[in-house]
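Okay, here's what each chain looks like letter by letter:
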Amino acid sequence: MSLVFAAALAVACVVVVALPFLREPEPESDVLDDLEEDERARLELLEERDRALSALKELEFEHRTGTIADEDYRAQVGALRRDVAAALQALGRSEEVRPANERK
Amino acid sequence: MPELGRAALLVTLGLSLYALIGGVVAAHLGRRRLARSAQNALVASFFTTAIAAAVLLSALLRNDFSFTYVARSTSEALPTAYTISAFWGGQEGSLLLWLLMLTAFGAAAVSLNRRWAKDLTVWVVPVFGAVSTFFAFLVVVVATPFATQVAPADGVGMTPSLQNPYMLAHPPLLYLGYVGLTVPFAFAMGALLSGKLDERWLVATRRWTLFAWAALGIGQLLGSHWAYVEVGWGGYYAWDPVENAALMPWLAATAFLHSVMIQERRGMLKVWNVLLVILAFSLSLFGTFLTRSGVVNSIHSFTQSSIGPWFLGFIAVVVAASLALVFWRLPQLRSHTKLESPVSREAAFLYNNLLLLALCLAIFWGVVYPMVSEVLRGEAVVLGRSYYDFFLRAFGLPLLLLMGIGPLIAWRRASLKSLATTFRWPTIVALASGVVLLLLGAGRSVPGLVAYTFSAFVLATIVLEFARGTRARKALGATTWLGAFGALVSRNRRRYGGYVVHASIVMLAIGVAGSSAFDSVAEAKLSRGESMRIGDYTLVYRSLDERVAANATKIRATLDVRRGDKELGTVEAGKNAYTVEEQVSNEVGIRSDKLTGEDLFVIAEQIDADGSVYFRVFVKPLVNLIWLAGLVFLLGSVITLWPDRREQRRLVARASEAGVPATS
């Protein structure tokens, strides 16, 4: 009995593993979706934008709570705002060079 | 039944191998269906391993002694709960548990992150496949739990010290921690292999790493409590190699959880973070190797086996292959930003990392030194408690202080003037505490006094952070103080959950300092009616009883306890004689003071035929803070781990904005 179960288990696993091929025996494309070079660059720019925005947000909140003193806040807020602006500009530039059919 | 178990594991091995080879080919050639097929194999391997686990569990519960493993680990008289814990009490069962958790983590982590990191998970599948191939190979070829024999009338039973409720949770939690560290490792390797070294691998693994780290932390605390109440030597941590084996990956993971914030915030330390992940995973393998190989002499080594060389070989391959990958991707891992000032939050986190790593490596050297000395000098020299205590103080105390400093100073650069403003109140609280403690006599242990003072400093910073944050949230529009507090924590669970974890570490530090630096001990041989004193306590030995339980004969000495003029009741200490296992264990008596956290800890070292007993008694101030710290640690971990829907939505939106493939 155990051996029957074992054989059934092996067959079931083969089916599960073969499922993508059974479902699509002749697909239009079997190429893995991957990021193009420009998409990867855009992802990095988006990360940069989010990083800058979140740094600015955290600084504002920490200044509001009093964790960051006025002196440190004044020394940093300008630079962080410039970082945000630079990240947004870079993103904007990347959007301009993007083919129209890829834009959201 | 054993045939089904063997077949299921064999299928697991085949599936793991397929996930490895098929996954590599699919990722390398960019084949979509093959990649999906390899992923299916990884998911299926969890179900086949679960079937094997069910077979073993069923054999244990049926006391089927035709399974060699069952006969070697249990007996008819063993209570059901411990029969279940025998699953992970022996080598073969624990390796099967490793494999079960690994395949579960692999299937879950890959499936959950498929939507927004699909191009990355393609390479993660073969990494999981490689690790599970190794463990499947071990349980199929080297240490199978399904070996059979002619069934004996009864099993040999379980080591008495393992017959403890803590054994139901402590080993599985440690294994969750060890195995959980495979997830960040697999994603880090996936990122290196694919060249997708953006932040997604960090985000994908953050909660998995936290989960593994929390499980390791709680598992260690439960293990310490088990040692405290069961092993019967009067302590909770002996710097035993197997205890250290769990501490080292926890320290490495702690360093990673801090340094990853620097990468997320400043884009720095990319190489360092990958190296920490490799270190944590390698140390988790090393920990399993130490526990299971029996290569070191430890109170926790319940097995001697031949799996050691396999493990060492695998660790060597893991370290060499992952370092080669890091070297290969070095140009992409270079940071564009630099440390701007040694007085900044990132610098404080970096110091924290260096201290954690230094402590981790000092412990590692202490663990391997007996093996190294045996190879070099033919004699295993064990480094004693003083070695570890020295490094715990040298690195642990500055770490404690940094826990208070790091979160409160500015990123990039902090001025000395603002530091003075920020830390004015915590410093005043710390100094006042130090002076008061000095006047109360805490000066007899300088490290203890320093630990208390630093703890006061950190606690003050945490209270201040919560208070300031709540006030700010209230000012931003929360209607009630409670609402403001809730909003504060829920909007930044990682930060404020982290503070709760920090508070638990402070409690741990206070408990450890109190119970080790300020404890006292007394010993005496007493006949019935005689008494002994320790500190304010007086103990009178009243009686000696013998009771027969299902699996052991229990001998207990009863002592009346008095503190000053106040009767505190009785405490019992004695021994258990296990019939089947033919072993005797110490059963300690503990009386806890819930108000002060102090324990009166009684060991009946020797019971003579005439009824006289040789007692060793400890008074351990504040020791219960250690166990309370476990609960606070759990609370902080849960807060930090709690899913954040806003963050998920943001990540999916970002991925979609970048055009990351999001559909299957």
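Preceding block: the structure.
The structure presented is a predicted model; accordingly, all values stated were derived computationally and were not measured.

(A) Quick peek at the overall build of chain B. Looking only at helices and strands, one finds 22 helices and 9 strands in chain B. A compact globule built from 664 residues should have a C-alpha radius of gyration of about 26 Å, and chain B, at 27 Å, falls within 12% of that. Counting the 664 residues in chain B, one finds 60% classified as buried. By sequence separation, contacts in chain B at least 24 residues apart represent 72% of the contacts at least 6 residues apart. Surface exposure of chain B reaches about 26000 Å², of which carbon and sulfur atoms provide 65%. Measuring between centres, the 58 positive side-chain charges of chain B sit 18 Å from its 40 negative side-chain charges.

(B) Representation of the interface of chain B and chain A. Every contact between the two is made by 66 residues of chain B and, on the other side, 50 residues of chain A. Regarding the contact of chain B and chain A, the summed buried area is about 4900 Å², with carbon and sulfur atoms giving 55% of it. Applying the counting rule to chain B against chain A returns 9 salt bridges. The partner of Glu58(A) in a salt bridge is Arg345(B), with the nearest N and O atoms 2.9 Å apart. Summed over the shared surface of chain B and chain A, the result is 25 residue pairs in polar contact (both at pLDDT 80 or more). Where the side of chain B that touches chain A is concerned, the elements lending two or more residues are α1 (2–29), α2 (32–61), α6 (118–142), α10 (241–266), α16 (416–422), α18 (446–475), α20 (493–517) and α22 (645–658) of chain B. For the side of chain B that touches chain A, the element with the highest residue contribution is α2(B), accounting for 11 residues. Across the side of chain B that touches chain A, the residue classes break down as 28 nonpolar, 13 polar and 25 charged.

(C) Main features of the pairing of strand β8 (residues 598–607) of chain B. Residues and elements named next belong to chain B. Counting buried residues along β8, 7 of its 10 residues qualify, which places the element largely inside the surrounding structure. Direction of pairing for strand β7 (residues 589–593) relative to β8: antiparallel, over a ladder of 5 bridges. Considered in β8, the bridge of Ser-592 is made with Asp-599. As consecutive antiparallel partners, β7 and β8 are separated by 4 residues, and within that stretch Gly-597 has a phi angle of approximately 75°, a positive value. Pairing between β8 and strand β9 (residues 613–620): 8 bridges, direction antiparallel. When the sheet's bridge partners are listed, Ala-604 is paired in β9 with Phe-615. What sits between the antiparallel neighbours β8 and β9 is a turn of 5 residues, in which Gly-611 has the positive phi angle 90°.

(D) Layout of the sheet that holds strand β4 (residues 552–563) of chain B. All names here are of chain B. Ordered by their spatial adjacency, 5 strands build an open sheet running β2-β3-β4-β5-β6, and the pairing between neighbours is antiparallel. A single partner strand is all that each edge strand has here, and the edge strands are β2 (531–534) and β6 (583–587). Looking at each pair of strands side by side, their axes are set apart by 25° on average, direction ignored.

(E) Representation of the side chain of Gln163(B). Examined against the element boundaries, Gln163(B) turns out to sit in the loop between α6 and α7 (170–180). At a separation of 2.9 Å, a polar atom in the side chain of Gln163(B) contacts the main-chain carbonyl oxygen of Met158(B).

(F) Spatial organisation of empty space enclosed by the protein. In the structure shown here, the tally under the stated rule is 4 cavities of 30 Å³ or more. In this structure, the second largest cavity encloses a volume near 100 Å³. As for the second largest cavity, its lining consists of Ala55(A), Glu58(A), Leu59(A), Glu62(A), Ile68(A), Gln76(A), Leu80(A), Arg265(B), Arg266(B), Ala410(B), Trp411(B) and Arg412(B). Counting only elements with at least two residues in the lining of the second largest cavity, the list comes to α2 (37–65) and α3 (70–96) of chain A together with α10 of chain B. The leading source of residues in the lining of the second largest cavity is α2(A), at 4 residues. Looking at the lining of the second largest cavity, its residues break down into 6 nonpolar, 1 polar and 5 charged.

(G) Broad picture of helix α4 (residues 80–89) of chain B. Of the residues making up α4(B), those classed as buried are Tyr82(B), Thr83(B), Ser85(B), Ala86(B), Phe87(B) and Trp88(B). Looking at the buried side of α4(B), the elements it contacts are α2, α3 (68–73), α5 (91–112), α7 and α11 (270–293) of chain B.

(H) A look at the sheet that holds β8(B). All names here are of chain B. Reading across the sheet, the 4 strands line up as β1-β9-β8-β7 and stay open at both edges, with antiparallel pairing between neighbours. Each end of this open sheet is capped by a strand with a single partner; those strands are β1 (520–526) and β7. Each strand axis lies, on average, 15° off the axis of its neighbour in the sheet, ignoring direction. Across 7 bridges, the pairing between β1 and β9 is antiparallel. Bridge pairing in β9 places Ala-522 opposite Val-617.

The rules behind each value
- Residues numbered from 1 in each chain as written.
- Chains lettered and ligands numbered in written order.
- Predicted model: local features only at pLDDT ≥ 70, side-chain atom pairs only at ≥ 80, totals over all residues.
- Heavy atoms only, no water.
- Helix = DSSP H or I, 4+ residues; strand = E, 2+ residues; numbered from the N terminus.
- Rg over C-alpha atoms; globule rule 2.2 N^0.38 Å.
- Buried < 20%, exposed > 50% of the residue type's maximum accessible area, 1.4 Å probe, protein only.
- Contact = heavy atoms within 4.5 Å.
- Areas by Shrake-Rupley, 256 points an atom, 1.4 Å probe, with all protein chains shown as cover.
- Lys, Arg positive; Asp, Glu negative; His and termini not counted.
- Charge placed at Lys NZ, Arg CZ, Asp CG, Glu CD.
- Buried area = accessible area lost by both parts, 1.4 Å probe.
- Salt bridge = Lys/Arg side-chain N within 4 Å of Asp/Glu carboxyl O.
- Polar contact = N/O pair within 3.5 Å; in protein donor to acceptor, adjacent residues only side chain to side chain.
- Nonpolar A, V, L, I, M, F, W, Y, C, P; charged D, E, K, R; others polar.
- Pairing = 2+ DSSP bridges.
- Axes fitted to C-alpha atoms, helices over the stretch in contact; angles between N-to-C directions.
- 1 Å grid on protein atoms, 1.4 Å probe; cavity = no way out; pocket = protein on both sides within 12 Å on 5 of 7 lines; lining within 4 Å.
- Points joined across faces, edges and corners; volume = space filled by probe spheres on them.

Nothing here speaks to function; it is all geometry.
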